[in-house]
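An overview of the molecular structure
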Amino acid sequence: MAAEKLRDLSQPLDVPLLDATVAAFYGTGSKEERAAADHILRDLQNNPEMWLQVVHILSNTQNLNTKFFALQVLEGVIKYRWNALPVEQRDGMKNYISEVIVKLSSDEVSFRRERLYVSKLNIILVQILKHEWPARWRSFVPDLVAAAKTSETICENCMAILKLLSEEIFDFSRGEMTQQKIKELKQSLNSEFQLIHELCLYVLPASQRAELIRATLATLHAFLSWIPLGYIFESPLLETLLNFFPVLAYRNLTLQCLTEVSALSFGDFYDMQYVKMYSIFIVQLQAIVPPTTNFLEAYANGNNEEQAFIQNLALFFTSFYKSHIRVLESSQENISLLLMGLEYLINISYVDDTEVFKVCLDYWNSLVSELFEAHNNLDNPAASASMMGLQMPMLPGMVDGLGSQVMQRRQLYAGPLSKLRLLMICRMAKPEEVIVVEDENGNVVRETMKDNDVLVQYKIMRETLIYLAHLDHEDTEKQMLTKLSKQLSGEDWTWNNLNTLCWAIGSVSGSMVEEQENRFLVMVIRDLLNLCEITKGKDNKAIIASNIMYVVGQYPRFLRAHWKFLKTVVNKLFEFMHETHPGVQDMACDTFLKIVQKCKRKFVIVQVGENEPFVSELLTTLRTTIVDLQPHQIHSFYESVGQMILAEPDPLKRDEYLQRLMELPNQKWAEIIGQARQSVDFLKDQDVIRAVLNILQTNTSAASSLGTYFLKQISLIFLDMLNVYRMYSELISTSIAQGGPYASRTSIVKLLRSVKRETLKLIETFLDKAEDQPHIGKEFVPPMMDPVLGDYARNLPDARESEVLSLFATIINKYKGTMIQDVPQIFEAVFQCTLEMITKNFEDYPEHRLKFFSLLRAIATHCFPALIHLSSEQLKLVMDSIIWAFRHTERNIAETGLNLLLEMLKNFKASEFCNQFYRTYFLTIEQEIFAVLTDTFHKPGFKLHVLVLQQLFCLVESGSLTEPLWDATTVPYPYPNNGMFVREYTIKLLSSSFPNMTTTEVTQFVGGLFESRADLSSFKDHIRDFLVQSKEFSAQDNKDLYAEEAAAQRERERQRMLSIPGLIAPNEIQDEMVDS
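All values reported here derive from a predicted model rather than from experimental measurement.

About the thresholds
- What you see as residue numbers is a count from 1 along each chain, following the sequence as written.
- It should be noted that, the model being predicted, local features are given only for residues of pLDDT at least 70 and side-chain atom pairs only at 80 or more, the latter also being counted only at that level, while totals for whole chains, interfaces and linings use all residues.
- Based on all heavy atoms of the structure, the side-chain values leave hydrogens and waters out of the count.
- Each helix is a run of DSSP H or I of at least 4 residues and each strand a run of E of at least 2, with the numbering of both proceeding from the N terminus.
- Burial here depends on accessible area, computed with a 1.4 Å probe over protein chains only, as a share of the maximum for the residue type. Under 20% is buried, over 50% is exposed, and the range in between is partly exposed.
- It only takes one pair of heavy atoms within 4.5 Å for two residues to be counted as in contact.
- Areas reported as accessible are Shrake-Rupley estimates using a 1.4 Å probe. Residue values count occlusion only from the protein chains shown.
- Multiply 1.5 Å by the residue count of a helix minus one, and that product is the helix's expected span.
- Counted as salt bridges are all cases of a side-chain nitrogen of Lys or Arg within 4 Å of a carboxyl oxygen of Asp or Glu.
- Values of pLDDT, which run from 0 to 100, indicate the predictor's confidence residue by residue.
- Centre distance within 6.5 Å is the pairing criterion for rings of Phe, Tyr and Trp, where only the six-membered ring of Trp is used; planes under 30 degrees apart are then read as stacked, over 60 as edge-to-face, and the remainder as tilted.
- The rule for a charge over a ring is simple: NZ of Lys or CZ of Arg within 6 Å of the ring centre, and within 35 degrees of the ring normal.
- For helices, the axis comes from a line fit to the C-alpha atoms of the stretch in contact; other axes are also lines fit to C-alpha atoms, and the angle between any two N-to-C directions lies between 0 and 180 degrees.
- We call two directions roughly parallel when the angle between them is under 35 degrees, roughly antiparallel when it is over 145, roughly perpendicular when it lies between 65 and 115, and oblique otherwise.
- Left-handed is the label given to a crossing in which the near helix is rotated counterclockwise from the far helix by less than a right angle, and right-handed is the label when the rotation is clockwise.
- Gly counts as polar in this scheme, as do all residues outside two lists: the nonpolar Ala, Val, Leu, Ile, Met, Phe, Trp, Tyr, Cys and Pro, and the charged Asp, Glu, Lys and Arg.
- The convention is simple: Lys and Arg are positive, Asp and Glu are negative, and His and the chain ends are not counted.
- Within this scheme, the nonpolar core is defined by two criteria: the residues are buried Ala, Val, Leu, Ile, Met, Phe, Trp, Tyr or Cys, and they are joined through side-chain atoms within 4.5 Å.
- Our arc is simply the arc of the directions from the helix axis toward the C-beta atoms.
- The criterion for a disulfide is a pair of cysteine sulfur atoms lying within 2.5 Å.
- Whenever two N or O atoms come within 3.5 Å, that pair is a polar contact, provided that in protein one can donate a hydrogen and the other can accept it, and provided that, for residues adjacent in sequence, both atoms are side-chain atoms.

This brings us to the overall build of the protein chain. Helix and strand counts for the protein chain stand at 50 helices and 2 strands. With respect to the three principal axes, the spread of C-alpha positions in the protein chain is 100 × 90 × 70 Å. Every one of the 1076 residues in the protein chain was classed for burial, and the buried ones make up 53%. A separation of at least 24 residues holds for 74% of the contacts in the protein chain among residues at least 6 apart in sequence. When the accessible surface of the protein chain is totalled, it reaches about 48100 Å², and 53% of it is carbon and sulfur.

Between its terminal C-alpha atoms helix H24 (residues 495–507) stretches 18 Å, which fits the 18 Å expected from 13 residues at 1.5 Å a residue. Most of H24 sits out of view: 12 of its 13 residues are buried. Taken as a whole, H24 has its buried residues at Trp-495, Asn-497, Leu-498, Asn-499, Thr-500, Leu-501, Cys-502, Trp-503, Ala-504, Ile-505, Gly-506 and Ser-507.

So, about the pattern of salt bridges. All told, the structure shown has 50 salt bridges when counted by the stated rule. The salt bridge partner of Glu-108 is Arg-112, with a shortest N-O separation of 3.2 Å. One end of the pair is Glu-108 and the other is Arg-112, both in helix H6 (residues 108–113) and 4 residues apart, which spans about a single turn. Exposure remark for Arg-112: the relative accessible area of 28% places this residue in the partly exposed category. For Glu-801, the salt bridge goes to Arg-757, with nearest N and O atoms at 3.1 Å. Here Glu-801, found in the loop between helix H38 (774–794) and helix H39 (803–815), pairs with Arg-757, found in helix H37 (residues 747–769); they are 44 residues apart in sequence, far enough to count as distant.

Glancing now at the confidence of the model for the protein chain. Predicted confidence across the protein chain gives a mean pLDDT of 86, with 93% of residues reaching 70 or more. Every residue in residues 381–399 is under pLDDT 50, and counting partners more than four places away or in other chains gives 29 contacts. Predicted confidence is poor over residues 1032–1037, with pLDDT under 50, and the contacts of this stretch with residues over four places away or in other chains come to 21 contacts.

Per the counting criterion, the structure on display carries 53 aromatic pairs. Measuring from centroid to centroid gives 4.1 Å for Phe-281 and Phe-316, while their planes differ by 35°, and the two rings are tilted. Taken together, the residues span a long stretch of sequence, with Phe-281 in helix H15 (residues 271–288) and Phe-316 in helix H17 (residues 304–328) at a distance of 35 residues. Its relative accessible area of 0% is what places Phe-281 among the buried residues. The class for Phe-316 is buried, based on a relative accessible area of 0%. The aromatic ring of Tyr-709 is capped on one face by Arg-654, whose charged end is 3.6 Å from the ring centroid. The positively charged end of Lys-756 is found above the aromatic ring belonging to Tyr-725, 5.2 Å away from the centroid.

What follows concerns unusual backbone geometry. With the exception of glycine, most residues fall at negative phi, and the peptide bonds are largely trans. Its identity is not glycine, yet Lys-816 carries a phi of approximately 45°, on the positive side. Of note in this structure, Tyr-845 is not a glycine but carries a positive phi near 50°. Residue position: Tyr-845 is located in the loop between helix H40 (823–838) and helix H41 (846–862). In this structure Tyr-845 comes out as partly exposed when scored by relative accessible area, which is 23%.

At their nearest, the axes of helix H10 (residues 179–206) and helix H11 (residues 210–223) sit 11 Å apart, and the two run at 150° to each other. The angle between H10 and H11 places the two elements in the roughly antiparallel class. In terms of crossing hand, the pair formed by H10 and H11 is left-handed. Here Leu-189, Phe-193, Ile-196, Cys-200, Val-203 and Leu-204 of H10 lie close against H11, whose contacting residues are Leu-212, Ile-213, Thr-216, Leu-217, Leu-220 and Phe-223. Here the residues of the contact of H10 with H11 are counted per class, giving 11 nonpolar, 1 polar and no charged.

Next up on the list: the side chain of Arg-427. For Arg-427, the position within the fold is in helix H21 (residues 398–427). One buried charge, Arg-427, has no salt-bridge partner; the nearest side chain with opposite charge is Asp-352, at 4.1 Å. When residues no more than four places from it in sequence are discounted, the contact partners of Arg-427 are Ser-349, Tyr-350, Val-351, Asp-352, Phe-357, Met-461 and Thr-500.

All right, on to the nonpolar core then. Phe-317, Tyr-321 and Trp-364 are the most contacted members of the largest nonpolar core, which has 359 residues in total. Here Trp-364 is in contact with Leu-342, Leu-345, Ile-346, Ser-349, Leu-420, Leu-423, Met-424 and Thr-464, once residues within four sequence places are set aside.

As a further point, take the packing of helix H48 (residues 999–1012) against helix H49 (residues 1016–1029). It is the contact of H48 with H49, at a shortest axis distance of 9 Å, that shows an interaxial angle of 165°. It follows that H48 is roughly antiparallel to H49 by the angle criterion. Our pair here, H48 against H49, has a crossing hand that is left-handed. Here Glu-1001, Gln-1004, Phe-1005, Gly-1008, Leu-1009 and Ser-1012 of H48 come into contact with H49, specifically with Ser-1018, Phe-1019, His-1022, Ile-1023, Phe-1026 and Gln-1029. Residues belonging to the contact of H48 with H49 are distributed by class as follows: 5 nonpolar, 6 polar and 1 charged.

Along the chain, Leu-867 turns up in helix H42 (residues 864–868). On the basis of relative accessibility, which here comes to 2%, the residue Leu-867 falls in the buried class. With 26 residues separating them along the chain, Leu-867 and Asn-841 place their C-alpha atoms 26 Å apart. Here Leu-867 is in contact with Phe-827, Ile-859, Ala-860 and Met-904, once residues within four sequence places are set aside.

It is worth spelling out helix H8 (residues 140–148) at this point. When we look at burial in H8, the residues that qualify are Phe-140, Val-141, Leu-144, Val-145 and Ala-148. Within H8, the buried residues cover an arc of 125° as seen down the axis, which keeps them to one side. Looking at the buried positions of H8, the neighbouring elements they touch are helix H7 (115–132), helix H9 (152–170) and H10.

Take the state of the cysteines next. Tallied over the entire structure, the rule returns 0 disulfides. No disulfide involves Cys-257; its sulfur sits 9.2 Å from that of Cys-200, the nearest cysteine. For Cys-532, which is in no disulfide, the shortest distance to another cysteine sulfur is to Cys-502 and amounts to 11 Å.

As for its position among the elements, Thr-962 is in the loop between helix H46 (942–958) and helix H47 (978–993). Take Thr-962: its relative accessible area is 62%, and that puts it in the exposed class. Looking at Thr-962, its side chain comes within polar contact range of the side chain of Asn-915, at 2.7 Å.

Here is the structure:
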């Protein structure tokens, strides 16, 4: 193929041939032609000499794709090798790119024609700037501004370059450049801004070119968030922007600039300018759209520009109010402008667009939470003063003044907040518990997928509504009850209206005082039950049923206090359990479980006017209640009744209830086992296998509720269950041995394996939930050794159940050190054979992988002495498997491996085998951890990688190691101590891995690791900077490197929410609610 000539880079490239190769790659030729072209272009791209041909290619081709290919090569060099190039090559490239940009943008025709090419050249120039400027290219900004004044098209392009530069430094720099470099570039841009500012003010009033004005406004928008404030408020800039706002062509760009200005907040120095800007803006806005506009329709019927305008309006108001709403509260005149702006924002909040609504909702949430905090802190005047933004000493008698200020402020917002309550009720998002929904064809169906965006929105709306309820309970209650009466009268009846109303009612649970909640709910539940009676049509009834279930499930306190209501609600749920409409039965079972968990004591005591506890009555009619339910719904039902029985304090009654609950499955089980004793083949029938599976699942559900109290029931079936397990296991092995690998996918084998898994799950659930009583372990573990462990070892790999591993991990985590004698037997059975399954590649047997490492971790944590007694070959297997685990790109497995490694390092450090272990494994572990630390696929493990390295570096400096880590036979001269040896070893390791870094940089990094080893956060920062410097993590999402800080922030937020009634729903608070 002629294109092979291109590989010879000793002479100038044949550009027409390169054009043809690029065309072949993008063309419609045969697959082979494309593959061959791709191969050559990749080789060229990877050739370190190729970039020297870039100027030659750009000067001689007319093909845009070829130009892009050349620029891609150049971009790679700038990113990774720029600083290593000789000065004259760098200068040559810099000047060439600048000249081409000026040449193409100086002429209107070429500038429009080559728009894409110029944009790419701009990006390349900015990449060069990040290295060259300010140190080696001081005159860049003055040169650029001078060039801009020579022609309007050059000026337009200069604006584009400045915008890119601002974005690169201020928006996209995290994880791309070191902290020091970012700081340096920000300072340079700041100090040079005066010239740019003058240029913008020179262009805006003078130019007639729409494109140039738009480019200038776009550049200003990028700069406004960080420039010194004097340039905005002490110059004609704001005035100029406000003059452009009424002009249709520039309206959106100007509004974006004004929004940036609104978002700035530096004390109260420029308050008057902000008021002036806001009042001019509101006057202009009224001329464009009056506040009474129906934004919902305007948005739905608007074109892209008009829709963007409404979204930008929302952004402007929310940004302005977040930073400067206080200024507008100062005088009557300003207050009327403020209320008008809030009116606009409430109307915009009705727009049916997720993004617009998110912007509005975010602001409403912050406004009402701030008003609530001030109101809530009235008992604590100092906190209240700081909330009010008042910096003043606390004087006696001031508390009343503050109280009246807070009340005045609430009064001021009472009108808008009342409208806001209606908005929240009308637009309430769907909570997670609701699974009966309307599909796009208007049919009522069961929800199949959870929509995470809706759930996030629900959480914010719920929080906002709770604050609103706290600020005025009467208004909240009145609006909800008025809307509900309109549902009953039919005046406002639609599925959506009823749904959003009931979701809103459910979401304010916990925010009212008990007395008010009781009064409110009696009316709500009565109305909803009436609505259910009077409304005809299956779909309508399903929607109402779903809403009744959601609301009652949200108010456990009310149900606990009102037995009659609780009983009516539970009987209504039993009624819904016979309703076959999609989703209704599921929701009835879910709601039943939720209510029982919070009110369980109420069902086991004899209530006034009753002859026996409700649970006894329920067990009598159990068969008819569950007759229409699917198996998975019956299991949920058994879990609920298990919760009730758990609340019974009398052991004899408890056992009697359990025996009555398990009567149906036990009868069926006794029948099956009896038949099997006559003929074992009876157990091979598919329907019988399904029945066995169903019985085991029912047992598991009850065990998950009852824990220790399930002992009597599991003892009844335990030994028979192990016999069935063994028999089914042999059946599976025979099928796979006879039918080959595909046999494991047949329905019969899948079904048999389900029974085995469920057996293991039942035992694991029982042992896990049972209170820590060693005699239970001693009773249940020995009989399982052969049927379960022995069976695992004997089976073919495809027939081994991963649940065996998790069962024994649970047992060791539960019974800890008492299991030490059994560890060798567990090891013998599962270790070697599981490793053979999972070390062939990273994909097969994913379940076994994770559970195997969890078992290892349980052994390392609780039975460490058993690991010490392994032979060195076995220990090497363990260590290899740990390294294998953390090399995994599957996050759970890598994390389990790293946690296991940390356990091993800590335990060996404290044992007498410390020297021996670390001599064998220290360097291997260090090398492997650095390998995953600098691999972008392993970014989520960053926190644990750092902890392992910290352990290693602290260990060598701590004096715990008394023998050298190096091998005296291969290292020619002795080191003074292990610390020196590890330093040198690490420097060599990293220098060979990152040839693009100088030895000085690497030595500095390693020195820093040793210095900061005692302080985890600076140790971590040090490593983050190194990862950026080594260019391993660039131009990617680096949020995983900051994951730990984000988690700490989440915990602080949860603590805050717990302190406000209702913010965390009563159902989510993990307490044993006292239901005396």
